[in-house]
Amino acid sequence: MTTTTELSFIHRFKPATGPGRPPLLLLHGTGGNEDDLLTLGTMISAGSAQLSPRGKVLEGGMPRFFRRLREGVFDEEDVRRRAHELADFIAQARESYGLAAPVAVGFSNGANIAAAVLQLRPEALAGAALLRAMVPLQDPPVADLSGKPVLILSGASDPIVPADNARRLATMLNAAGAIVEHRMLPTGHGLSQADVALTKAWIDQL
């Protein structure tokens, strides 16, 4: 495991320990950091390389991947800028660590920036598991996501992400050609054992 500031994001990198597993890009939620999802990454895809950056935006001292105006209302200009910045970091990390395009695994704010990267820089990711994601851009550019696998796991009683917003994101990505699996789980905004099991099963069949 390495921690470095040599690339454009503070991050942790864990080399692959097993053959044939996709590299994971782990993207934390608000207030998280580069350590937050490492255990989840191992649970869902043991043996995968893990690349886990820390969001650069601070909200009340809590790291995030982009600014928001208030809960559920995003600064879309910043979303776009930060998505390109993250995609550039992915390209740097792939070159530095010799990685294939990673599968993003994002929670909440991390899921939202992953969705924005799919829409703005689809070549950066091989696919994405979006846990508690919502629409990051109301009017995204037309992206070609042909054949790209996307898993969206939403909470039926999530107080932060309205169910119709999550469904709209699934529809948008599907319309761009992604192979979208959207599941509504009987839970809130926090992650559950069902999230772990479903994400592991989804990665196993990639």
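Source: prediction; values computed, not measured.

Peer 1: Before we move on, could you go through the pairing of strand E3 (residues 24-27) and cite the residues and values that matter?
Peer 2: Here E3 shows no split at all, with Leu-24 and Leu-26 on one side and Leu-25 and Leu-27 on the other all buried. As paired elements, E3 and strand E4 (residues 50-53) share 2 bridges and run parallel to each other. Bridge pairing in E4 links Leu-24 to Gln-50. Handedness of the E3-helix H1 (residues 38-44)-E4 crossover: right-handed. Pairing analysis gives 4 bridges linking E3 to strand E9 (residues 103-107), with the strands arranged parallel. Following the sheet pairing, Leu-26 is matched in E9 by Val-105.

Peer 1: An account of the pairing of E9 is needed here, citing residue identities and associated values.
Peer 2: Every other side chain in a regular strand lies on the same face of the sheet, so the side chains alternate between the two faces. When you tally the buried positions in E9, you get 5 out of 5 residues, the bulk of the element. Of the two faces of E9, both are covered, the one formed by Val-103, Val-105 and Phe-107 as well as the one formed by Ala-104 and Gly-106. Relative to strand E10 (residues 127-131), E9 runs parallel, the two sharing 5 bridges. Paired with Ala-104 across the two strands is Ala-128, which belongs to E10. Between E9 and its parallel partner E10, the chain crosses via helix H3 (residues 109-120), and the hand of that crossover is right-handed.

Peer 1: Lay out the side chain of Asn-165 with the relevant residues and their values.
Peer 2: Here Asn-165 is to be found in helix H4 (residues 163-175). Those residues in contact with Asn-165, other than ones at most four positions away along the chain, are Met-134 and Val-135.

Peer 1: Could you give an account of H3, naming the residues involved and the relevant values?
Peer 2: An ideal rise of 1.5 Å per residue puts 16 Å on 12 residues; H3 measures up with 16 Å between its terminal C-alpha atoms. Among the 12 residues in H3, 12 count as buried, and that is most of the element. By the burial criterion, the buried members of H3 are Asn-109, Gly-110, Ala-111, Asn-112, Ile-113, Ala-114, Ala-115, Ala-116, Val-117, Leu-118, Gln-119 and Leu-120.

Criteria and thresholds
Residues numbered from 1 in each chain as written. Predicted model: local features only at pLDDT ≥ 70, side-chain atom pairs only at ≥ 80, totals over all residues. Heavy atoms only, no water. Buried < 20%, exposed > 50% of the residue type's maximum accessible area, 1.4 Å probe, protein only. Helix = DSSP H or I, 4+ residues; strand = E, 2+ residues; numbered from the N terminus. Pairing = 2+ DSSP bridges. Right-handed = clockwise from strand over helix to strand, strands pointing away. Contact = heavy atoms within 4.5 Å. Expected span 1.5 Å × (residues − 1).

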